[in-house]
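# Topology and contacts: notes
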Amino acid sequence: MPFRRNRDNNPGDREVHRLYDAGTDHDAQPARYVQHGERYAHDPEEYEDGPVDGFDRDPEDTPWSAFGHDGLDDDFFEEEHRPRGPIRRTLGCLIPVALVAGIAGGGYLAYQHLMDNWGSPSCKFVAKGYEYQWDPDQAQSASTIVDVGVFKKGVPTRAATVAATTAIQESKLRNLAYGDLDSLGLFQQRKSQGWGTAEQIQDPVFSSGSFYNALLKVPGWETMPIGQAAQEVQKSGFPDAYAQHESQGEVITAVMTGGAHEGIGCRLDPTTKNGSPAQVVQQLSNESGLTATAGHSAVDYRARSADGAYAVAAWAIAHADADNITAVTVGDRAWVRHRGRDGWTWHAAPQPTSGPTQVRIDVETSK
């Protein structure tokens, strides 16, 4: 039986040499694969069918000659299969790593940009192992409640915790113009129950003072659980609702009284209009009874202690959105207004004050 071979001239084909043997000669060589273009060991004239197409063809007659070289010459094969040198191997490893690193780096930068620019302005309070976030208007309300009690009226910090806890439950620290029946304001106080006029109840300073006046009249409030003391004042239909906010009230009080240094930071949009240092001084006095000094573009305050300095600093940051405050500095530490997450943290002061009890509040005046 004659040998069979693939007559297709595709260089990628393989054929089997002596796959079909006409005899049973045990000395015959085993079948083997032959790459296209490889010569058989026998003269093609020996086969029954005569010369096989392709074996007597001149390489110069192949289509590859049109390109100026043999189709599969030795030089081309050696060039393609030459072992890579150490430089090529190193580059082969480093280039994919560099590409992956570039993609990862770009993704990280995009993530940072998203985190710095996505989301609403917010203030972060950190103290006693807890961290809470509120909107700027809620932070401002919290600072007013605490300062009216502790600094203006001189009540114990526990009273401020009761007041803050109550306001969280009643209004979520928002000065509401509505409520159940005729309830209004931070504490949802009612005109019909003698809390004042509608205008007075919606004045955060007045309503906070009214709450403290009522709390101080409760016998034994100092030793009561926070939620129970709040209920004694509010007479709520949900007496157990206050207790769930006690830790938040404690954090607010610790930050706003200066016990937690650098405990507040707000990420805020850039200022769009000028503020007034004189107005900041007046508002601080109305809410806390403290006296500061207004300059051309800043407010200065000297405290008796570092805690006192950080209390005023916390008040200023909580009011930064409403009063166009751009930076607050205590000693060599500063909060700087920023849209991104840097607004939540304090950093080394670019222009330190004279000491840890000296506060400077920078106000926008260049618009």
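Summarised in this report is the structure supplied together with it. (Residues numbered from 1 in each chain as written. Predicted model: local features only at pLDDT ≥ 70, side-chain atom pairs only at ≥ 80, totals over all residues. Heavy atoms only, no water.)

Read from one edge of the open sheet, three strands run β4-β3-β7, paired in antiparallel fashion. Two strands bound the open sheet, and with one partner strand each, they are β4 (130–134) and β7 (264–267). The sheet shows a mean angle of 20° between the axes of neighbouring strands, direction not considered. Taken together, the four bridges between strand β3 (residues 122–127) and β7 define a ladder with antiparallel strand orientation. Along β7, the bridge assignment pairs K124 with G265. (Pairing = 2+ DSSP bridges. Helix = DSSP H or I, 4+ residues; strand = E, 2+ residues; numbered from the N terminus. Axes fitted to C-alpha atoms, helices over the stretch in contact; angles between N-to-C directions.)

A word on the environment of D147. Along the polypeptide, D147 turns up in helix α3 (residues 136–153). For D147, a relative accessible area of 1% corresponds to the buried category. Taking the C-alpha atoms as reference, D147 lies 9.2 Å from V205; in sequence the two are 58 residues apart. (Buried < 20%, exposed > 50% of the residue type's maximum accessible area, 1.4 Å probe, protein only.)

The pairing of β3 with β4 spans five bridges and is classified as antiparallel. Its bridge partner being in β4, A127 is matched across the sheet by Y130.

Right, let's get into the nonpolar core. The biggest cluster of nonpolar side chains holds 71 residues, and the ones touching the most others in it are F125, I252, V255 and M256. With sequence-adjacent residues up to four places away left out, I252 is seen in contact with F125, W134, A142, V146, A164, I168 and L173. (Core = buried A, V, L, I, M, F, W, Y, C linked by side-chain atoms within 4.5 Å. Contact = heavy atoms within 4.5 Å.)

As a further point, take the packing of α3 against helix α6 (residues 204–215). Running from N to C, α3 and α6 cross one another at 60°; their axes reach a closest spacing of 9 Å. One finds that α3 runs oblique with respect to α6. For α3 against α6, the interelement crossing comes out right-handed. For the pair α3 and α6, the contacting residues are T144, I145, V146, V148, G149, K152 and K153 in the first and P204, V205, S208, G209, Y212 and N213 in the second. Tallied by class, residues from the contact of α3 with α6 come to six nonpolar, five polar and two charged. (Parallel < 35°, antiparallel > 145°, perpendicular 65-115°, else oblique. Left-handed = near helix turned anticlockwise from the far one by under 90°. Nonpolar A, V, L, I, M, F, W, Y, C, P; charged D, E, K, R; others polar.)

On to the state of the cysteines. Across all of its chains, the model carries one disulfide by this definition. Residue C123 pairs covalently with C266 via a disulfide, S to S 2.0 Å. A torsion of 110° about the S-S bond marks the disulfide between C123 and C266 as right-handed. Taken as a pair, C123 in strand β3 and C266 in strand β7 lie far apart in primary sequence, 143 residues in all. Taking relative accessible area as the criterion, C266 reaches 0% and is therefore assigned buried. (Disulfide = S-S within 2.5 Å.)

For helix α8 (residues 246–256), the buried fraction is high: nine of the 11 residues fall into the buried class. All buried positions along α8 are accounted for by S247, Q248, G249, V251, I252, T253, A254, V255 and M256. Buried residues belonging to α8 abut β3, β4, α3, α4 (157–171), β7 and α10 (306–318). Once α8 finishes, G258 follows within two positions and takes phi at roughly 85°, a positive value.

In short, shape yes, function no, at least from these values alone.
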